[in-house]
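Given next are the chains, with one letter for each unit.
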Amino acid sequence: QVQLVESGGGLVQPGGSLRLSCAAFGIDFSMYAMGWFRQAPGKAREFVARIGIGGTTNYAESVKGRFTTSRDNAKNTVVLQMNSLKPEDTAVYFCQALRLTLAYWGQGAQVTVSS
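Attention here is on the structure that accompanies the text. (Residues numbered from 1 in each chain as written. Predicted model: local features only at pLDDT ≥ 70, side-chain atom pairs only at ≥ 80, totals over all residues. Heavy atoms only, no water.)

### Some words on the environment of glutamate 88
- You can see glutamate 88 is positioned in the loop between strand E8 (77-82) and strand E9 (91-99).
- In the structure, glutamate 88 is positioned 79 residues away from glycine 9 in sequence and 15 Å away in space, judged by C-alpha atoms. (Helix = DSSP H or I, 4+ residues; strand = E, 2+ residues; numbered from the N terminus.)

So, in structure tokens, the structure goes:
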């Protein structure tokens, strides 16, 4: 059974930092590109960041220079480090495992940026 389990969400003040982790179970982790998406209330889910199987990363323009994603294939884990957080970053964050047309999703982690 495939599972993606996210952790590390919470409440943070503007300008603060949070670190999200996503642990994968039941897949050959090293063969999957790992992505992060987010969905704010009343809005569509949007792309945040992705790291390929070779470690290449790409980011949405809105988070470039503030967010960093990395992966540890030995631990089947991907991390999203979020710095200089803004209120508009408030959303439920989802991790995704993608191989060709096969995609798996985590359950989501709430991130709230508010003073």
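So much for the structure itself; the text now carries on.
### Things to note about the state of the cysteines
- Scanning the model with the defined rule gives one disulfide in all.
- Here cysteine 22 engages in a disulfide with cysteine 95; their sulfurs sit 2.0 Å apart. Judged by the sign of its S-S torsion, about 40°, the cystine formed by cysteine 22 and cysteine 95 is right-handed. In this pair, cysteine 22 is assigned in strand E3 (residues 18-25) and cysteine 95 in strand E9, connecting sequence segments 73 residues apart.
- Given the relative accessible area of 0%, cysteine 22 is considered buried. (Disulfide = S-S within 2.5 Å. Buried < 20%, exposed > 50% of the residue type's maximum accessible area, 1.4 Å probe, protein only.)

### A word on the nonpolar core
- Among the nonpolar cores identified, the biggest contains 30 residues, and Met34, Leu80, Met82 and Tyr93 are the most heavily contacted of them.
- Elements that contribute at least two residues to this core include exactly E3, strand E4 (33-39), strand E5 (46-51), E8, E9 and strand E11 (109-113).
- Excluding residues that lie within four positions of it along the chain, methionine 82 makes contacts with Gly16, Ser17, Leu18, Leu20, Arg66, Phe67, Tyr93 and Val111. (Core = buried A, V, L, I, M, F, W, Y, C linked by side-chain atoms within 4.5 Å. Contact = heavy atoms within 4.5 Å.)

### Notes on the packing of aromatic side chains
- Summed over all chains, the structure comprises three aromatic pairs.
- Relative to tyrosine 104, the ring of tyrosine 32 lies with its centre 6.2 Å away and its plane at 50°, an arrangement referred to as tilted. Of the two residues, tyrosine 32 sits in the loop between E3 and E4 while tyrosine 104 sits in strand E10 (residues 102-105), which places them 72 residues apart along the sequence.
- Accessibility expressed as a relative area gives 8% for tyrosine 32, which makes it buried.
- Between the aromatic rings of phenylalanine 37 and tryptophan 105, the centroid separation amounts to 5.0 Å while the plane-to-plane angle is 65°, which identifies the pairing as edge-to-face. Note that phenylalanine 37 is positioned in strand E4 and tryptophan 105 in strand E10, a separation of 68 residues in sequence.
- A relative accessible area of 35% places tryptophan 105 in the partly exposed class.
- Aromatic ring contacts, followed pair by pair, group Phe37, Phe47 and Trp105 into a single cluster.
- When the ring centre of phenylalanine 94 is taken as reference, the NZ or CZ atom of arginine 45 above it lies at 3.7 Å. (Phe/Tyr/Trp six-rings, centres within 6.5 Å; stacked < 30°, edge-to-face > 60°. Lys NZ or Arg CZ within 6 Å of the ring centre and 35° of its normal.)

### Notes on the side chain of glutamate 6
- Take glutamate 6: it is sitting in strand E1 (residues 3-7).
- The side chain of glutamate 6 is buried and forms no salt bridge, while arginine 45, the nearest opposite charge, is found at 7.8 Å.
- A polar contact of 2.5 Å, which involves the side chain of glutamate 6, links it to the backbone nitrogen of cysteine 95.
- With near-sequence residues (within four places) excluded, glutamate 6 lies in contact with Ser21, Cys22, Trp36, Tyr93, Phe94, Cys95, Gly106, Gln107, Gly108 and Ala109. (Lys, Arg positive; Asp, Glu negative; His and termini not counted. Salt bridge = Lys/Arg side-chain N within 4 Å of Asp/Glu carboxyl O. Polar contact = N/O pair within 3.5 Å; in protein donor to acceptor, adjacent residues only side chain to side chain.)

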